[in-house]
Amino acid sequence: MRPPQPPWCGIPSQAPGAALPGPRPEGLGLVRFNALGHEEVRSALLGCCGSRRWADRVAAHRPYPDAESLLAASDEACYDLTAAELDEALAGESLSPLPLAGARGPATLAAHTALRAAHAEYERRFRHVFVICLDGYRDDELLDQVLSGIRTRLGNEPEEERAVAADELRRLARGRLARILAPGP
């Protein structure tokens, strides 16, 4: 297993810089995933979403016949997170000082300063880290998407933002699981 990429504020699950609660295996494939022992699979799943109940629910339904069945089970378990379980999962996300991939140029320092300030305000307002899934965006679009997303979401009411954060977390977990299921090297 290769070591994971360093974490960064919940961005793309497949790109360097995804927010991760901890190390996770990559490229296991579905057969190996299904064959893992309970503690190994639970650890791998907690690297996708920090809710213990979510990890236990997804692990309990193994073996999965195909990747789509596993991803659907992940989605369903995410939709069923209680407020406390969502808090647990969000607490597992981390914010790293590493720059976003593709962020270069003279305006980058100013943008990262603005991003740090926005993150601080977001955490003060909503009491959890900002998570956003940027799967499908190019590296040179990441910084703009994060800045735009956090700026927009700071205007949300707390309950509305919890729903948005929960959906972003679901999308991150789905992308992280897809990376685990990708064939290994």
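You'll find the structure just up there.
Cut-offs applied
- The residue numbering used here restarts from 1 in each chain and proceeds along that chain's sequence as written.
- Totals for whole chains, interfaces and linings use every residue, but because this is a predicted model, local features are given only for residues with pLDDT of at least 70 and side-chain atom pairs only at 80 or more, for both listing and counting.
- The basis for every side-chain value is the complete set of non-hydrogen atoms in the structure, without hydrogens or water.
- Aromatic pairs are defined between Phe, Tyr and Trp rings, using the six-membered ring for Trp, whenever the two ring centres lie within 6.5 Å; interplanar angles under 30 degrees are classed as stacked, those over 60 as edge-to-face, and all others as tilted.
- A helix here means a DSSP run of H or I that spans at least four residues, while a strand means a run of E at least two residues long, and both kinds are numbered starting from the N terminus.
- Burial classes follow relative accessibility: with a 1.4 Å probe on protein chains only, a residue under 20% of its type's maximum area counts as buried, one over 50% as exposed, and anything between as partly exposed.
- Side-chain atoms within 4.5 Å are what join buried Ala, Val, Leu, Ile, Met, Phe, Trp, Tyr and Cys residues into a set we call a nonpolar core.
- Residue contacts are defined here by distance: any two heavy atoms, one from each residue, within 4.5 Å place the two residues in contact.

The next thing to look at is the packing of aromatic side chains. The final tally for this structure, using the stated rule, is 2 aromatic pairs. Ring geometry for Tyr122 against Phe126: centres 4.8 Å apart, planes inclined by 55°, an arrangement best described as tilted. One end of the pair is Tyr122 and the other is Phe126, both in helix 6 (residues 108–126) and 4 residues apart, which spans about a single turn. Ring geometry for Tyr122 against Phe130: centres 5.2 Å apart, planes inclined by 80°, an arrangement best described as edge-to-face. For Phe130, a relative accessible area of 0% puts it in the buried group. Taken together, the ring pairs in this structure connect Tyr122, Phe126 and Phe130 into an aromatic cluster.

The next point concerns the nonpolar core. One finds Phe33, Leu45, Trp54 and Leu70 to be the most contacted residues of the largest nonpolar core, which totals 47 residues. Elements with a minimum of two residues in this core: helix 1 (30–35), helix 2 (38–46), helix 3 (52–60), helix 4 (67–79), helix 5 (83–91), helix 6, helix 7 (142–153) and helix 8 (158–181). Here this core gets 7 residues from one element, more than from any other, and that element is helix 8. Sequence-distant contacts of Leu45, that is, excluding residues within four places in its chain, are made with Phe33, Trp54, Ala55, Val58, Ala59 and Leu177.

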